[in-house]
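Below, each chain spelled out in residue letters.
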Protein chains: 2
Amino acid sequence: MSVTTDIPPPRTTTRERILAVAYDAIIEKGFEATSVEEIATAVGISRAGFFYHFPDKNALARALIDAQVVEEGEMLAGIEARAAELSDDPLQQMLIAMRLMAERYHGMPGGYTGCILASAIFQDRLFDAEVKAANQRSQLAFRARFSGKFAAIAALHPPREAVDPDDMADLLNAVITGGIVVSRAIRDPDVLVRQMLLARVMVKAMYTPG
Amino acid sequence: MSVTTDIPPPRTTTRERILAVAYDAIIEKGFEATSVEEIATAVGISRAGFFYHFPDKNALARALIDAQVVEEGEMLAGIEARAAELSDDPLQQMLIAMRLMAERYHGMPGGYTGCILASAIFQDRLFDAEVKAANQRSQLAFRARFSGKFAAIAALHPPREAVDPDDMADLLNAVITGGIVVSRAIRDPDVLVRQMLLARVMVKAMYTPG
DNA sequence: CCCGAACTTTACCGGAAGTACAGCAATGTC
DNA sequence: GACATTGCTGTACTTCCGGTAAAGTTCGGG
């Protein structure tokens, strides 16, 4: 066998560069407003070169969503792990995690995640069934991830009023997503951070006795 | 002067029919995915006829946003008025209003408001500055509407932790908007209603002592 | 030396936005 | 009864974009 230890020039460069360039452009301008030509030019290839890597634009959307789901999953896993290090109590873990999430959102000047996802929702017909399915999976994954946490919290800290842990998870999701929308609409990136922190306070209020 | 009292055949029919048809189509498929031709055909006019009423597609978006801002404003005003009838306490009014809003969202199978607004945010470049400005105004109007309410609530019912009334208003906005996004993504219209009700419970927990 | 991967170039199709303009029918107005 | 305005229709054209097709190029590896 030949020695394969030396790394051949960074694998899959072009495809990944397309993804990176497309991601930035889409965050800034939206999916539909970003043309294939523009992406190709920015990457330094021809339009046909783009279609060599992706059968169509929807395939790009799918790849972007998949990549983001992985990235978001890793980020949340990292935050959860850190929170678990800092406290044994599930409520405290959640509050720590929410603060960490708020901090994470802080340094993102306009470049929020989830835009392609949200975009796909409001531009239904522009995306094929696979894209929408990927989208749905990612939302349900978020619910699954946090539902258990909220159930664990409720077991130790009876809430002031009974709530469904799935709904709590969805609310967290909605606050983040809605926070992004409102932030962008008002053109004030801080809104998202403040939403996150406010949601944290409300979760605390919900699960702590007077 | 001529007698102008007799109403000439219902004024602005065609323009309004365009708006109605476009609204439905955009809710279902998205703004970009809805072609001018399609709208014109559905209305029963030619493509050129459409451009007689609107200089371009952006003008349609603007008109739609304006119409929706008015409609939403009236709906919220109605709900607030009803809540004020039912209770003198600002907290109770808010809780009543949130329940009424949840009920309002209940009978809407997929056809949620705000889609054009949200769509505009994620498809930045497809819309001109006027559309985005209209959007921003509508979000700030929402904040202004509810900020005062939350301030009044806090004055009578000290919250368990100090919160900014503007942030509370934005949170409500974010829950609704995010709820729409999540609902659509998961393909479960009930999510939005449950979010609203859950947010209500959390507001209650926030402003009532143990 | 040839193969396949990763492209390029060129050319083309169809759909959609937007422009321009000529014309036409109905509804008033003078 | 002539005339003008409103609210369109129809046609033709431009530009941009996604997508397809196909032939050619470059280059590294077996």
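Higher on the page you've got the structure.
Residues numbered from 1 in each chain as written. Chains lettered and ligands numbered in written order. Predicted model: local features only at pLDDT ≥ 70, side-chain atom pairs only at ≥ 80, totals over all residues. Heavy atoms only, no water.

Visitor: Could you clarify how one ought to interpret the packing of helix H8 (residues 165-186) of chain A against helix H9 (residues 190-207) of chain B in this entry?
Guide: For any two helices packed against each other, one specifies the inter-axial angle together with the distance between the axes. In the contact formed by H8 of chain A and H9 of chain B, the axes pass within 10 Å of each other and the chain directions differ by 95 degrees. Our classification of the angle between H8 of chain A and H9 of chain B gives roughly perpendicular. Facing H8 of chain A, whose interface residues are Asp167, Met168, Asp170, Leu171 and Ala174 of chain A, H9 of chain B presents Val191, Arg194, Gln195, Leu198 and Met202 of chain B. (Axes fitted to C-alpha atoms, helices over the stretch in contact; angles between N-to-C directions. Helix = DSSP H or I, 4+ residues; strand = E, 2+ residues; numbered from the N terminus. Parallel < 35°, antiparallel > 145°, perpendicular 65-115°, else oblique. Contact = heavy atoms within 4.5 Å.)

Visitor: Can you help me understand the relation of the copies chain A and chain B in this one?
Guide: One copy of the chain maps onto the second through a rotation about an axis and a displacement along it. Rotating chain A by 180 degrees and moving it 0.1 Å along the rotation axis overlays it on chain B with an RMSD of 0.1 Å. On this basis, the relationship between the two copies can be described by a two-fold rotation axis. (Least-squares fit on C-alpha atoms with pLDDT ≥ 70 in both.)

Visitor: I tried to follow the packing of helix H5 (residues 90-106) of chain B against helix H7 (residues 129-156) of chain B on my own but got confused; where do I start?
Guide: Residue and element names in this part refer to chain B. At a minimum axis separation of 8 Å, H5 and H7 run at an interaxial angle of 135 degrees. Classified by the angle between their axes, H5 and H7 sit oblique to one another. Contact with H5, carried on its side by Pro90, Leu91 and Met94, involves Phe146, Lys149, Phe150, Ala152, Ile153 and Leu156 of H7 and no other residues of that element. The class makeup of the residues in the contact of H5 with H7 is eight nonpolar, no polar and one charged. (Nonpolar A, V, L, I, M, F, W, Y, C, P; charged D, E, K, R; others polar.)

Visitor: Where do I start with the protein's contact with DNA strand D in this structure?
Guide: If you check the shell around DNA strand D, you find 17 residues, and the closest are Arg47 and Lys57 of chain A together with Thr14, Ser46 and His53 of chain B. In DNA strand D, atoms within 4 Å of the protein come 61% from sugar and phosphate. Contact distances for DNA strand D include 2.9 Å between a phosphate oxygen and a backbone N or O atom of Lys57 of chain A. In the model, a phosphate oxygen of DNA strand D is placed 2.8 Å from a nitrogen or oxygen of the His53 of chain B side chain. If one sorts the elements of the surface near DNA strand D by residue count, helix H3 (residues 47-53) of chain B sits on top with four residues. (Near = heavy atom within 4 Å. Polar contact = N/O pair within 3.5 Å; in protein donor to acceptor, adjacent residues only side chain to side chain.)

Visitor: Sorry, what's going on with the interface of chain A and chain B here?
Guide: Interface extent is often summarised as the accessible area lost during association of the parts. Taken together, the 54 residues of chain A in the interface contact 54 residues of chain B. Taken together, the two surfaces of chain A and chain B that pack against each other cover about 5100 Å², and 64% of this comes from carbon and sulfur. Along the contact surface separating chain A from chain B lie four salt bridges. Inspection of the chain A/chain B interface yields 14 residue pairs in polar contact (both at pLDDT 80 or more). Within the residue set of the side of chain A that touches chain B, elements represented by two or more residues are helix H1 (13-29), helix H6 (115-122), helix H7 (129-156), H8 and helix H9 (190-207) of chain A. (Buried area = accessible area lost by both parts, 1.4 Å probe. Salt bridge = Lys/Arg side-chain N within 4 Å of Asp/Glu carboxyl O.)

Visitor: Help me understand the protein's contact with DNA strand C in this model?
Guide: In the region of DNA strand C, 16 residues are neighbours, and Ser46, Tyr52 and His53 of chain A together with Arg47 and Lys57 of chain B sit closest. Of all atoms in DNA strand C that approach within 4 Å of the protein, 64% are sugar or phosphate atoms. Residue Ser46 of chain A places a side-chain N or O atom 2.4 Å away from a phosphate oxygen belonging to DNA strand C. Within the side chain of Tyr52 of chain A, an N or O atom sits 2.9 Å from a phosphate oxygen of DNA strand C. Of all the secondary-structure elements, those providing two or more residues to the surface near DNA strand C are helix H3 (47-53) of chain A together with H3 of chain B. When residues in the surface near DNA strand C are grouped by element, the largest group, four residues, is from H3 of chain A. Of the residues that constitute the surface near DNA strand C, the class distribution is six nonpolar, seven polar and three charged.

Geometric descriptors of this kind do not, in isolation, establish any biological role.
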